[in-house]
Amino acid sequence: MASSGGIDVILGIIRQHPDVHVVVERACKVLRNLSYLDEAVARLATPTTLSLLEDAKQRHGRSRAIAEDVAVLISKLHVDSSDLPWHVDGYDWSTPHWKLDRAFDGQLRWVRTTPPHGDDEHAVFSAPLPPSSPLHAWIAADVHSQGKGGLTLSRVEIVKSAVMLSAFQSRLKQVRAQRGKADGPFNQDFGASDPTKQAMVDMLKGAFVHADKDNVNVLLAWHGCDEAVVDDIVAGGAANLASGNDRGFFGSGICLTRQAPYAAGYSTRLIHGADKWREPNDRGEHVLLLCAVSVGLAYPVSRSKDYAADSNVCSFYGKKLKRGCDTHYVHVSEASGFQAAEDPRILNFEEVVVDQQAQVLPFAKVYVRVDRSQQEDYLFHSPPVTQVPQSQ
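In this report, we go over the structure that sits alongside the text. (Residues numbered from 1 in each chain as written. Predicted model: local features only at pLDDT ≥ 70, side-chain atom pairs only at ≥ 80, totals over all residues. Heavy atoms only, no water.)

Let us now look at the nonpolar core. With 66 residues, the main nonpolar core has Trp-93, Ile-139, Ile-158, Phe-363 and Val-366 as its most contacted residues. If one sorts the elements of this core by residue count, strand S14 (residues 360-370) sits on top with 6 residues. Beyond its immediate chain neighbours, meaning those up to four positions away, Ile-139 contacts Leu-129, Leu-153, Val-156, Trp-222, Leu-290 and Val-366. In terms of nonpolar packing, the next biggest core, distinct from the first, is built from 26 residues, Met-203, Leu-219, Val-287 and Ala-298 among them. (Core = buried A, V, L, I, M, F, W, Y, C linked by side-chain atoms within 4.5 Å. Buried < 20%, exposed > 50% of the residue type's maximum accessible area, 1.4 Å probe, protein only. Helix = DSSP H or I, 4+ residues; strand = E, 2+ residues; numbered from the N terminus. Contact = heavy atoms within 4.5 Å.)

Right, let's get into the pairing of strand S6 (residues 218-224). Judged by how many residues are buried, S6 sits mostly within the fold: 7 of 7 residues are covered. Burial along S6 is two-sided: the face carrying Val-218, Leu-220, Trp-222 and Gly-224 and the face carrying Leu-219, Ala-221 and His-223 are both buried. When S6 meets strand S8 (residues 286-294), the two strands line up antiparallel, connected through 7 bridges. Note on S8: the bridge partner recorded for Gly-224 is Leu-288. (Pairing = 2+ DSSP bridges.)

Attention shifts here to the packing of aromatic side chains. Enumeration over the complete set of coordinates arrives at 13 aromatic pairs. Aromatic side chains Tyr-262 and Tyr-266 sit 5.8 Å apart centroid to centroid with 75 degrees between the ring planes, which places their arrangement in the edge-to-face category. Here Tyr-262 and its partner Tyr-266 are both found in helix H11 (residues 260-268), 4 residues apart, which amounts to about one turn of the helix. By relative accessible area, which is 1% here, Tyr-262 ends up buried. When the centroid spacing of 6.4 Å and the interplanar angle of 15 degrees are considered together, the rings of Tyr-262 and Phe-338 count as stacked. Taken as a pair, Tyr-262 in helix H11 and Phe-338 in the loop between strand S10 (327-333) and strand S11 (339-340) lie far apart in primary sequence, 76 residues in all. (Phe/Tyr/Trp six-rings, centres within 6.5 Å; stacked < 30°, edge-to-face > 60°.)

The next thing to look at is helix H13 (residues 372-381). Within H13, burial applies to Gln-375, Tyr-378 and Leu-379. Projection of H13 onto a plane perpendicular to its axis shows the buried side chains occupying an angular sector of 90 degrees, all on one side. Against strand S4 (151-161), H11, strand S13 (349-354) and S14 lie the buried residues of H13. (Arc of directions from axis to C-beta.)

Glancing now at the pairing of strand S3 (residues 124-128). Within S3, 5 of the 5 residues are buried, leaving the element largely enclosed by the surrounding structure. Residues Val-124, Ser-126 and Pro-128 point to one face of S3 and Phe-125 and Ala-127 to the other, with burial holding for every one of them.

The subject of this paragraph is the packing of helix H2 (residues 21-34) against helix H5 (residues 64-77). Packing of H2 against H5 brings their axes to within 9 Å, and their N-to-C directions diverge by 35 degrees. Where H2 crosses over H5, the two elements pack in a sense that is left-handed. From H2, His-21, Val-24, Glu-25, Cys-28, Lys-29, Leu-31 and Arg-32 reach across to H5, where they touch Ala-65, Ile-66, Glu-68, Asp-69, Val-70, Val-72 and Leu-73. Tallied by class, residues from the contact of H2 with H5 come to 8 nonpolar, 1 polar and 5 charged. (Axes fitted to C-alpha atoms, helices over the stretch in contact; angles between N-to-C directions. Left-handed = near helix turned anticlockwise from the far one by under 90°. Nonpolar A, V, L, I, M, F, W, Y, C, P; charged D, E, K, R; others polar.)

With that out of the way, let us pick up the environment of His-286. As for its placement among the helices and strands, His-286 is situated in strand S8. What His-286 contacts, discounting residues up to four positions off in sequence, is Ser-267, Thr-268, Trp-277, Arg-278, Glu-279, Pro-280, Val-366, Tyr-367, Val-368 and Val-370. In this structure the side chain of His-286 is engaged in a polar contact, spanning 2.7 Å, whose partner is the backbone oxygen of Arg-278. (Polar contact = N/O pair within 3.5 Å; in protein donor to acceptor, adjacent residues only side chain to side chain.)

Turning our eyes to something else, we now look at unusual backbone geometry. At Asn-215, a position not held by glycine, the phi torsion is positive, near 60 degrees. Structurally, Asn-215 can be placed in the loop between strand S5 (210-211) and S6. In the Ramachandran plot, Phe-338 falls in the positive-phi region, its phi being about 60 degrees despite a non-glycine side chain. Assessed through its relative accessible area of 12%, Phe-338 is described here as buried.

Once that is clear, we can look at the pattern of salt bridges. Taken as a whole and assessed by the stated rule, the structure comprises 22 salt bridges. Salt-bridge contacts for Asp-89 lead to Lys-173; the nearest nitrogen and oxygen are separated by 2.4 Å. You can see Asp-89 sitting in the loop between H5 and strand S1 (93-94) and its partner Lys-173 sitting in helix H8 (residues 162-178), a full 84 residues away along the chain. According to the relative accessible area criterion, Asp-89 is exposed, its value standing at 53%. (Salt bridge = Lys/Arg side-chain N within 4 Å of Asp/Glu carboxyl O.)

The next point concerns the side chain of Glu-350. Of note, Glu-350 is situated in strand S13. For Glu-350, a relative accessible area of 2% corresponds to the buried category. Side chain to side chain, Glu-350 and Tyr-329 meet in a polar contact 2.6 Å long. Ignoring anything within four residues of it in the chain, the contact list for Glu-350 reads Met-203, Leu-256, Thr-257, Arg-258, Gln-259, Tyr-262, Tyr-329, Val-330 and His-331.

Before going further, it helps to spend a moment on the environment of Phe-168. Position of Phe-168 relative to the elements: it lies in helix H8. Along the sequence, Phe-168 and Tyr-317 sit 149 residues apart, while their C-alpha atoms lie 27 Å from each other. Setting aside anything within four residues of it in sequence, one finds Phe-168 in contact with Trp-93, Val-218, Ala-292, Val-293, Ser-294, Ala-358, Gln-359, Val-360 and Leu-361.

Below, the structure is given as structure tokens:
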């Protein structure tokens, strides 16, 4: 049954009849019996299954049989992910409200989503994030964006990939070593003679989270994508998907944004036109990835310096990032066809383009329900309201 998809059928029955005691009790008993098979454990090891079992236990709180079966199942699925630390060698980063660390991990019910035996170098872990978590509150505030964008937060899964954590941690160390020399090539001052670029640099720097070491710059950003590829991105990194139709407006690389509703435009594909709408999953959801981004040397792309006169095509279109830079930072205007804003002090969205997969650490799969008409209004009819602080 485990190999024939029977587990999915049983889980589907629980979802369809969550309040029918006899159905849920029998389903939990079957799952408990199957959980003695390694193959079954691998198929059950998802945050969605954990949440479903926890819900069944709460709905049928008086049932001793369901409580015992669920306890056994969770004990078999739950794993310890503390051997895979978020930070190493003092390269810690955090926000004033939450931090990814051992204490945070201890509050979650982790499952291993890759095979349970062997190949620990490629292990991936996942856990449902409780709504009571400060990180959940932070995500909800960012997703809802004061009612703009038509997004409603559905659920959050925290994810840990051994491959991506190792790559990201190594990248932080590499950048710090590169930028250790104040007058070196990785410390260019792009705002020295350009007040516009200086104001953009100031805004970007103001968005970095706290880091315990100098020259460790971490930005929190969103990546919108198809749910069909989200687990591949979590496990092995986001790819540069520049194509003939979209070679990268501001340079060829991996694109992210600080605005969750803007990222959702890529998840839904509405950013490419109303007729490009991507249908949600069977729970009515689209997915966003919340990522930590390592920023080394960032170049602020501005219309005054990086567009030819009377042109709406950036000079970096489809090209490598500026020499020596691993990041491009852009203030985007809807009125300019999602190109750089005419006046970068007034913008709709912020876009970040990075050069390397190792710069991007996806750490949360954020599932949202999208109101299609509200999202279209947000993407194509919202007045620019964000103003860049003037440089001092």
